[in-house]
Amino acid sequence: MLKKSSRLYSVKTNSIKSSKNFQFLILLIIFLVLYFVVPHSETNYLWRLPSILSEFPLWINDIIYKSLYVWLPIEVYDPVFEMYEKKATFREITKFLSQILNILVQLFRDILLGGTKTIKLILGDSFVSKQNLFIPATPWPALVCGVALIGYKLGGRNLALLGGISALYIAIFGQWTPSVQTFSFILLTTPICFLLGLSLGIWGYLNKKVETSLQPLLNIMQTMPQFAYLVPIIALFGLGDHAGSIATIIIATPPMIRNTILGLKKIPAEVVEAGIMSGCTKFQLLFKVLIPTARTDILNGVNTVIMQCLAMTVIASFVGAKGLGLDLKIALNSLQIGRASEAGLCIVLIAVVLDRYSKAWAAKQRDYFENLNFYEKNKYVIFFVLAIIAFSFLSFIGGSFFDKINYFHYIPPEKGLTIATKIDGIVDWVWDTFFYSLNIFNKFVLTNILGPMKHSFLNMPVFATFILVMGAAYIVSGVRSSIIVGCMLLFIALSEYWDRALITAYMATFAVLASALNGIIIGSLASQSERASRITLSVCDFFETFPSFIYLIPVIFLFNITDTSVLIAAIIYATVPATRYTVWGFKSVPLELHEAGDMSGVSKRQKWINIELPLAIPHILLGINQTVVFALQMVILGALIGTDDLGQMIFAALSRSDGAGISVTLGLFVSFMAISVDIIIRKWAEERKKILGIV
């Protein structure tokens with residue numbers, strides 16, 4: 001009976017597989033026929049659709065203008081003219097939010113770096129000047145001690161050394177001021193993202209309709225390019241640190257919402273029942289039972305938020321945010337690779353430290369039965385306060401010895417250590433030694449691979465593209481998914497940016513194919529031993545902490561400003577999720593199947609092809625799904641070093657007065673491309689799991 005069931009299962013699986021393969025073959029043949037048959041004429045709707053939605057960006061601009069100057073007018077007192085005048089409510093709200101965020105971010109900076117800007121914003125310049133008020137700087141050695149103490153409390157000696165040495169490096173290399181400016185940016189945005197994400201996540205968990213409404217919005221927010229948010233934010237809030245904070249909050253909040261909903265949904269039903277039976281009110285059940293039980297997932301969401309906030313440091317500099325991101329952008333604009341590398345290294349160090357600290361915080365279990373006295377509970381806080389007092393006293397004494405600059409407050413870049421000249425020397429040596437080899441490789445890739453591929457994509461008739469994409473969605477997911485994908489594709493096709501979208505698609509496709517191949521190869525090799533798997537996943541964790549912009553620095557000086565540079569950066573960046581999910585996929589193969597393969601005498605290659613790879617495919621597909629999002633984000637970011645795709649148009653919109661509409665529209669195009677692929681791949685992975693009997 002068991003053999004008969006197994007045989008029927010095998011026949012069913014093979015018939016489904018062969019049926020799908022045949023359908024894809026027919027679809028490919030139809031696409032190729034249309035590709036070569038449809039004439040290339042702008043008047044032929046099978047080649048290109050009319051730009052019916054070309055006015056869509058103008059509609060968005062009109063909405064922004066009316067919300068700022070027309071809708072919901074209220075009487076507002078103008079102290080300059082001493083009279084009331086009518087202003088739009090939304091504009092007053094944006095002005096109020098901007099002021100609050102400016103005060104908060106400046107408060108963090110004044111506490112850490114010293115200054116008068118915060119109290120001037122609150123009390124006015126003249127009053128502060130008359131009273132000679134100022135906030136003294138916190139000595140950097142005390143903050144280094146504080147970072148080390150936090151690391152020791154969270155993870156012991158090794159984590160303390162990582163944090164302490166990283167903070168010390170930043171200080172003595174003259175990067176203290178921009179690093180603190182960046183860190184104050186994170187200190188402001190992370191709690192706001194946490195509170196917003198936690199609140200909306202709880203609401204979504206408690207109300208199914210809210211969760212259903214949030215999901216498509218979160219999909220769009222997480223797949224839209226970061227640049228696409230900047231122009232409308234400039235229009236609504238102006239330029240400055242507050243604008244960068246708002247952009248960061250919008251981008252970093254969605255993962256917190258998702259993690260909160262996921263964590264609350266994973267709580268076993270018996271835990272909820274036990275809370276109800278113990279007489280908890282709804283409020284007590286939520287905050288005393290559910291949230292503490294989902295603590296790990298929620299804190300993992302905090303980790304993601306911190307990484308997203310840090311990743312925005314460079315992007316936020318385009319709307320006036322100060323810090324390491326601004327220094328990095330200025331250095332790259334002037335092709336000062338050494339200086340840019342120093343700023344980039346500081347961003348990486350901050351990213352690694354914050355990532356390790358937040359993960360240690362999420363993994364740390366709270367002991368509810370510990371009975372500690374006041375000193376034992378607060379000893380690290382006491383040590384930090386003592387460090388502040390001691391180094392403040394030293395800085396006070398040192399102020400009379402140092403000439404103009406108090407080195408206990410900060411070390412200026414020109415006085416600190418530097419490796420910029422050595423990095424510039426390495427760059428010059430690489431150029432002198434490998435210029436011709438790199439140039440030959442670059443020309444070969446551009447001429448023989450990227451050029452023909454780009455030409456092929458641009459020659460795709462719109463009708464053939466619809467048949468291919470909607471057909472693939474139909475074969476994998478059915479009619480509903482095919483219609484959804486078709487509608488998103490139609491939105492792009494009815495604009496004047498279809499060709500730009502095809503260029504973005506070509507670059508993303510190349511990056512995804514190369515990244516997926518790299519990930520499958522590396523993940524397959526790493527999964528052969530437990531130690532190699534552990535090392536590979538640790539390396540993936542390390543590289544995933546890098547803000548995406550960092551990947552552009554080495555490729556710029558190796559391959560100059562070309563599509564090759566952007567694609568190599570995208571491949572490196574997007575290989576990480578492909579590798580991670582491949583390792584997870586191979587580790588998920590049951591041990592008994594490995595043993596059965598060994599006992600049947602199959603070779604490693606046969607076991608990989610016939611047992612391991614088929615069972616790992618669902619995980620690999622989910623990794624490719626993430627790879628698509630990573631590749632698209634990096635391709636759009638590549639506009640900073642020169643591309644002619646949608647990213648370049650989004651980047652150009654920053655300097656246009658009417659750029660908000662264009663920026664949002666093109667951002668939606670990129671988002672729809674990512675969501676379309678997500679619909680197809682996610683459904684495909686779910687179907688493979690059902691066929692293989694994987695839960």
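Thresholds applied
- Residues numbered from 1 in each chain as written.
- Predicted model: local features only at pLDDT ≥ 70, side-chain atom pairs only at ≥ 80, totals over all residues.
- Heavy atoms only, no water.
- Core = buried A, V, L, I, M, F, W, Y, C linked by side-chain atoms within 4.5 Å.
- Buried < 20%, exposed > 50% of the residue type's maximum accessible area, 1.4 Å probe, protein only.
- Helix = DSSP H or I, 4+ residues; strand = E, 2+ residues; numbered from the N terminus.
- Contact = heavy atoms within 4.5 Å.
- Salt bridge = Lys/Arg side-chain N within 4 Å of Asp/Glu carboxyl O.
- 1 Å grid on protein atoms, 1.4 Å probe; cavity = no way out; pocket = protein on both sides within 12 Å on 5 of 7 lines; lining within 4 Å.
- Points joined across faces, edges and corners; volume = space filled by probe spheres on them.
- Nonpolar A, V, L, I, M, F, W, Y, C, P; charged D, E, K, R; others polar.
- Domains from an automatic or database assignment.
- Phe/Tyr/Trp six-rings, centres within 6.5 Å; stacked < 30°, edge-to-face > 60°.
- Buried area = accessible area lost by both parts, 1.4 Å probe.
- Polar contact = N/O pair within 3.5 Å; in protein donor to acceptor, adjacent residues only side chain to side chain.
- Axes fitted to C-alpha atoms, helices over the stretch in contact; angles between N-to-C directions.
- Parallel < 35°, antiparallel > 145°, perpendicular 65-115°, else oblique.

1. A closer look at the nonpolar core
Thought 1: Core analysis: the largest hydrophobic core is formed by 169 residues, its most contacted members being Leu-328 and Leu-646.
Thought 2: Among the elements that line this core, the one with the most residues is helix α28 (residues 659-692), at 15 residues.
Thought 3: Residues contacting Leu-646, with those up to four places away along its chain left out, are Tyr-497, Arg-500, Ala-501, Thr-504, Ile-636, Leu-666, Phe-669, Val-670 and Met-673.

2. Notes on the pattern of salt bridges
Thought 1: Applying the stated criterion to the full structure yields 16 salt bridges.
Thought 2: Asp-499 is paired through a salt bridge with Arg-48; the nearest N and O atoms lie 3.1 Å apart. Taken together, the positions of Asp-499 in helix α21 (residues 498-526) and Arg-48 in the loop between α1 (2-37) and α2 (56-69) put the pair 451 residues apart, joining distant regions of the chain.
Thought 3: Using a relative accessible area of 36% as the deciding quantity, one classes Asp-499 as partly exposed.
Thought 4: With a closest N to O distance of 3.2 Å, Arg-682 and Asp-678 form a salt bridge. Remark: Asp-678 and Arg-682 occur in helix α28; sequence separation between them is four residues, near one turn of the helix.
Thought 5: The exposure class of Arg-682 is partly exposed, given its relative accessible area of 36%.

3. A few points about empty space enclosed by the protein
Thought 1: As enumerated under the stated definition, the model contains two cavities of 30 Å³ or more in all.
Thought 2: By volume, the largest cavity amounts to about 40 Å³.
Thought 3: In this structure, the largest cavity is lined by Pro-225, Gln-226, Phe-227, Ile-315, Gln-633, Ile-636 and Leu-637.
Thought 4: Broken down by class, the residue content of the lining of the largest cavity amounts to five nonpolar, two polar and no charged.
Thought 5: The two domains that each donate at least three residues to the lining of the largest cavity are domain 1 (11-59 + 424-692) and domain 3 (180-325).
Thought 6: As a volume, the second largest cavity reaches approximately 40 Å³.
Thought 7: Taken together, Thr-182, Phe-185, Thr-313, Ala-321, Lys-322, Gly-323, Gly-325 and Leu-326 form the lining of the second largest cavity.
Thought 8: For the lining of the second largest cavity, the secondary-structure elements that each account for two or more residues are α8 (176-206) and α15 (324-333).
Thought 9: Of the residues in the lining of the second largest cavity, the class split is three nonpolar, four polar and one charged.

4. A short note on the packing of aromatic side chains
Thought 1: All told, the structure shown has 20 aromatic pairs when counted by the stated rule.
Thought 2: Both rings, one in Phe-56 and one in Trp-59, keep their centres 6.0 Å apart while their planes meet at 70 degrees; by these two values the pair is edge-to-face. Taken together, the residues Phe-56 and Trp-59, both in helix α2 and three residues apart, mark about one turn of the helix.
Thought 3: Of the residues examined, Trp-59 reaches a relative accessible area of 48% and is grouped as partly exposed.
Thought 4: Between the aromatic rings of Trp-140 and Trp-176, the centroid separation amounts to 6.4 Å while the plane-to-plane angle is 55 degrees, which identifies the pairing as tilted. Of this pair, Trp-140 sits in helix α6 (residues 140-155) while Trp-176 sits in helix α8, and the two are 36 residues apart along the sequence. Exposure class is identical for Trp-140 and Trp-176. Each is buried.
Thought 5: Taken together, the ring pairs connect Phe-56, Trp-59, Phe-491, Phe-669 and Phe-672 into an aromatic cluster.

5. As for the domain arrangement of the protein chain
Thought 1: In terms of domain boundaries, the protein chain breaks down into domain 1 (11-59 + 424-692), domain 2 (72-131) and domain 3 (180-325).
Thought 2: For domain 2 and domain 3, the distance between their C-alpha centres works out to 27 Å.
Thought 3: Tallying the contact residues gives twelve residues for domain 2 and 15 residues for domain 3.
Thought 4: Taken together, both faces of the contact between domain 2 and domain 3 bury some 1300 Å²; the carbon and sulfur share is 75%.
Thought 5: For the domain 2 face of the interface with domain 3, the top three residues by lost area are Leu-101, Phe-108 and Arg-109, together amounting to 44%.
Thought 6: Joining domain 2 to domain 3, the criterion identifies one salt bridge.
Thought 7: With a shortest N-O distance of 2.8 Å, Asp-241 and Arg-109 are connected by a salt bridge.
Thought 8: Applying the counting rule to domain 2 against domain 3 returns five residue pairs in polar contact (both at pLDDT 80 or more).

6. Quick look at the packing of helix α14 (residues 295-316) against helix α16 (residues 337-363)
Thought 1: Relative orientation of the contacting elements α14 and α16 amounts to 170 degrees, with a least axis distance of 9 Å. With respect to each other, α14 and α16 are oriented roughly antiparallel. The residues of α16 that touch α14, namely those facing Arg-295, Thr-296, Leu-299, Asn-300, Val-302, Asn-303, Ile-306, Met-307, Leu-310, Thr-313 and Val-314, are Ile-347, Ile-350, Ala-351, Leu-354, Asp-355, Ser-358, Lys-359, Trp-361 and Ala-362.
Thought 2: Class assignment for the residues of the contact of α14 with α16 results in twelve nonpolar, five polar and three charged.

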